[in-house]
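Coordinates in review
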Amino acid sequence: MTHQGAPAQVVIPHAPWFTEDRLGMFVHWGLYSLAARHEWVMNYEQIAVEDYRKYFEHFDPDLYDPREWAAAAKHAGMKYVVLTTKHHDGFVLWDSALTEYKSTNTPCGRDLLTPYVEALREAGLKVGFYHSVIDWHHPDFAIDAVHPERNNPDWRELNKTRTGEAYREYLHGQVRELLSNYGQIDYLFFDFSYPEMSTKTADGEPKFRGKGAKDWGSVELMKTIRELQPGIIVNDRLNVPGDFVTPEQYQPAGAMLSGDKEVPWEACQTLNGSWGYDRDNLDYKAPDQLVRMLIDGVSKGGNLLLNVGPTARGEIDPRAHEALEGIGEWMRLHSRSIYGAGAAGLDAPVDARYTLRGDRLYLHLFAWPFQFIHLPGLADKVRYAQLLNDASEVAMLVLDSDQVAGHMTPAGQAPGTLTLKLPVQRPNVRVPVVELFLNSTALNTHPTTERD
Ligand code: GLC
């Protein structure tokens, strides 16, 4: 076990809240929620714009009440919420002056972002927008390898007029609307660039080109964003550096780096593999697993943005509610091992994770050991230990390293090892946590403002 000393927390200088809050709710909601079979349904089933219009004509989320979303997020211990303002299908949830393809022109008949931002602020949650740079509805968005019309035999003809200039202006104009008309926006998640995704025809001729910073006008767009919302944080998917990186649907093995520098990161995860409501998909992650993913990320200095896909009526579905309640029940007792915590710079025992917050070290036990757990390097660093769920004392001992294993006594451990004696009964919580009170100088950690 090496004790490299606690790594400095890498925070976003103009928004330290991000690495303090650690847990957010992602919300994917739009016309694809009616199809109810994944938000990429237009792409997967190569649905033409005119055939996709049936969802526009029937979008009527009569049960939409973002105060319920905010309450569910808050109960789960989530501190910020990120809603899809526009997804790849091009449909927008607000009364944009730049398109007719908007919620106000559907049976819904209203701007959906105003009540959303108001509900979040009322609940004390940070306000996040997701915005797709991809747009399968816009007439100037060139057909490419991810476009629903990619197999349209007339793609070459159709692309002749699609220079992308009008689309770039549209994209910038809508981002300007989002960052000008809804008060302070704390977080912006763009999705996604694919400059490397160029393809060839069967006879090897260049076919589709990928899209990246040039297509979006990303450098200029970032400048506009910073001018309109100086305190906002922006992710890394405009194909230019952002404030944090966004591993998706996997858990990083360690800190996320840009070059050789640690950078702020947030893993975005689904409950069942689909971001949008997917009625027949039963592949839900168990709440225990979701809690372990949260802990795992924080132990490596990262956030978790956990997604729900509300139904086309506007409600979070019962299975998603169950997952959120499971996380909330654990967070009610254990959130202080998550909020403001980060990597400890210690190798944790197998099936365990450490998080560190100031002079408190948290040992998260994914498996409950029988009787003893040995913590190398901590013998002289801990003054008290307790189970976090009920604040019941945990006995600490230091075994002589030369102690031979007896028929009732464990063998000694490497010098400097702290041994905890745990109750046989595992606490009845999703992940038991031991709170270790450190001698103040034990594992110094202090936030830095280094960015990538
Ligand atoms: C991927 C998917 C997109 C989803 C996003 C969330 O980019 O294409 O549908 O919104 O992940 O991060």
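All chains use their own residue numbering, which begins from 1 and follows the written sequence. Given that the model is predicted, a residue must reach a pLDDT of at least 70 before its local features are reported, and side-chain atom pairs must reach 80 or more before they are shown or counted; all residues, however, enter totals for whole chains, interfaces and linings. Hydrogens are left out, water is left out, and the side-chain values use all remaining heavy atoms of the structure.

Before going further, it helps to examine the domain arrangement of the protein chain. Segmenting the protein chain into domains produces domain 1 (17-337) and domain 2 (352-451). A straight line from the C-alpha centre of domain 1 to that of domain 2 covers 40 Å. Here a residue-residue contact requires only that any non-hydrogen atoms of the pair lie within 4.5 Å. Across the boundary between the two partners, domain 1 contributes 19 residues, which contact 18 residues of domain 2. Here's the idea: put two parts together, see how much 1.4 Å probe accessible area each one loses, and the total over both is what we call buried area. For the pair domain 1 and domain 2, the summed buried surface comes to about 1,700 Å²; carbon and sulfur atoms form 56% of the total. As annotated, the domain borders come from an automatic or database domain assignment.

What follows covers the nonpolar core. If you look at soluble globular proteins, the nonpolar side chains tend to sit buried side by side. By nonpolar core we mean a set of buried residues, namely Ala, Val, Leu, Ile, Met, Phe, Trp, Tyr and Cys, connected to one another through side-chain atoms within 4.5 Å. Here the term buried applies to any residue with accessible area under 20% of the maximum for its type, exposed to any over 50%, and partly exposed to those in between, with areas from a 1.4 Å probe on protein chains only. Ranked by size, the top nonpolar core spans 90 residues in total, and within it Phe 129 and Ile 225 carry the most contacts. One finds Ala 344, Leu 356, Ile 373 and Leu 375 within the second-largest nonpolar core, a separate group that totals 23 residues.

Here we come to the pattern of salt bridges. Should a side-chain nitrogen of Lys or Arg be within 4 Å of a carboxyl oxygen of Asp or Glu, the pair is scored as a salt bridge. Throughout the structure, instances matching the rule amount to 25 salt bridges. Glu 435 is the salt-bridge partner of Arg 336, the closest N and O atoms lying 2.6 Å from each other. Placement of the pair is Arg 336 in the loop between α12 (318-334) and β10 (352-357) and Glu 435 in strand β16 (residues 433-438), with a sequence separation of 99 residues. The class for Arg 336 is partly exposed, based on a relative accessible area of 38%. Residues Arg 360 and Glu 435 are paired through a salt bridge, measuring 2.9 Å at the closest nitrogen-oxygen approach. Of the two residues, Arg 360 sits in strand β11 (residues 360-365) while Glu 435 sits in strand β16, which places them 75 residues apart along the sequence. The structure contains a network of salt bridges with shared partners spanning Arg 336, Asp 359, Arg 360, Arg 383 and Glu 435. Here a strand is any run of E in DSSP of at least two residues, a helix any run of H or I of at least four, and the numbering for each starts at the N terminus.

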